[in-house]
Amino acid sequence: MKIRRETTVLEDGSPWRRRVAVGQSADIRIVEVTELRGRAWVIDGDTLDIGGMRIRLAGIDAPEMDHPYGRTAKWALVNLCKGQEIRAVFDGDLSHDRTVATCYLPDGRDLSAEMVAAGMAIDWPKFSRGKYSRLEPQGIRRKLWRCDARQKGRMPPRLRD
């Protein structure tokens, strides 16, 4: 029995990351998806859904929906993605049951870079190796203090309603 590894790009919006096909011989083909293209549904400031697959934008941290500026960050990402086909390039990591990917607009702009430059997210050096830090507006870590605290392991306990 032979196992062949093959890499492909899915453009049909299929949510499957791996497909296994068994031919008439005993060969097994494992196909790893490295890219996905399609219209994006924005979940929050650093999470998209393309074809039923949850995707975390690589290298950045945006406020959660219940944090200050959370809704503003989400709508900034909605406005970037609206009507566009997004290309997600997977790096093989997972974050809270989401696949991590660098996502691009059709004109080649990196969505993570756009969100940081707009002041709606901050660079997460642990994952980006500082790739987006030069794009951070002055004082953004103070504005998005909860994101900064989360990165440093100092997230305050959830406030009770």
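Residues numbered from 1 in each chain as written. Predicted model: local features only at pLDDT ≥ 70, side-chain atom pairs only at ≥ 80, totals over all residues. Heavy atoms only, no water.

Visitor: Is there a simple way to think about the overall build of the chain in this case?
Guide: Assigned secondary structure in the chain consists of five helices and nine strands. Counted from the first residue to the last, the chain has its helices and strands arranged as β-β-β-β-β-β-α-β-β-α-β-α-α-α. Within the chain, contacts between residues at least 6 apart in sequence are counted, and of these 55% link residues at least 24 apart. Entry remark: accessible area of the chain is about 9,800 Å², with carbon and sulfur atoms responsible for 49%. (Helix = DSSP H or I, 4+ residues; strand = E, 2+ residues; numbered from the N terminus. Contact = heavy atoms within 4.5 Å. Areas by Shrake-Rupley, 256 points an atom, 1.4 Å probe, with all protein chains shown as cover.)

Visitor: Whenever I open this one, the packing of aromatic side chains confuses me. Can you help?
Guide: Aromatic rings considered in pairs are described by the distance between their centres and by the relative angle of their planes. Taken as a whole, this structure holds one aromatic pair when the rule is applied. Its guanidinium or amino end placed over the ring of Tyr69, Lys143 lies 4.5 Å from that ring's centre, counting from NZ or CZ. (Phe/Tyr/Trp six-rings, centres within 6.5 Å; stacked < 30°, edge-to-face > 60°. Lys NZ or Arg CZ within 6 Å of the ring centre and 35° of its normal.)

Visitor: Is there a simple way to explain the nonpolar core in this structure?
Guide: Taken as a class, soluble globular proteins show a tendency for nonpolar side chains to be buried jointly. Among the nonpolar cores identified, the biggest contains 27 residues, and Leu48, Ile55, Leu77, Ile86, Cys103, Leu111 and Met115 are the most heavily contacted of them. When residues of this core are traced back to their parent elements, those giving at least two are strand 3 (28-44), strand 4 (47-50), strand 5 (53-57), helix 1 (70-81), strand 7 (85-95), strand 8 (98-104) and helix 2 (111-117). The leading source of residues in this core is helix 1, at five residues. (Core = buried A, V, L, I, M, F, W, Y, C linked by side-chain atoms within 4.5 Å. Buried < 20%, exposed > 50% of the residue type's maximum accessible area, 1.4 Å probe, protein only.)

Visitor: Looking at this model, I keep getting lost on empty space enclosed by the protein. Mind explaining?
Guide: Per the counting criterion, the structure on display carries one cavity of 30 Å³ or more. Considering only enclosed or pocket space, the largest cavity measures out at about 40 Å³ in volume. Surrounding the largest cavity, Pro63, His67, Pro68, Lys143, Leu144, Trp145, Arg146 and Cys147 form its lining. Of the residues forming the lining of the largest cavity, the biggest block, three residues, is contributed by helix 5 (residues 145-151). Here the residues of the lining of the largest cavity are counted per class, giving five nonpolar, one polar and two charged. (1 Å grid on protein atoms, 1.4 Å probe; cavity = no way out; pocket = protein on both sides within 12 Å on 5 of 7 lines; lining within 4 Å. Points joined across faces, edges and corners; volume = space filled by probe spheres on them. Nonpolar A, V, L, I, M, F, W, Y, C, P; charged D, E, K, R; others polar.)

Visitor: Help me understand the confidence of the model for the chain in this model?
Guide: The predicted coordinates should not be examined in detail at positions where pLDDT is low. Put simply, the chain has an average pLDDT of 82, and 73% of its residues get 70 or more. A low-confidence stretch, residues 16-25 stays under pLDDT 50, and its non-local contacts, those more than four residues away or across chains, total 24 contacts. (pLDDT = per-residue confidence, 0-100.)

Visitor: Got a minute to help me understand the pattern of salt bridges in this structure?
Guide: Oppositely charged side chains are able to pair whenever their charged atoms sit close together. According to the stated counting rule, one finds 13 salt bridges in the structure shown. Of the charged contacts in the structure, one is a salt bridge between Glu35 and Arg87, with a shortest N-O distance of 3.2 Å. Placement of Glu35 in strand 3 and of Arg87 in strand 7 is noted, with a sequence separation of 52 residues between them. In this structure, the salt-bridge partner of Asp49 is Arg54, at a minimum N-O distance of 3.8 Å. Overall, Asp49 belongs to the buried group, its relative accessible area being 17%. Arg54 gets classed as partly exposed once you look at its relative accessible area, which sits at 41%. Each member of the salt-bridge network shares a partner with another, and the members are Asp46, Arg56, Asp61, Glu64 and Arg150. (Salt bridge = Lys/Arg side-chain N within 4 Å of Asp/Glu carboxyl O.)

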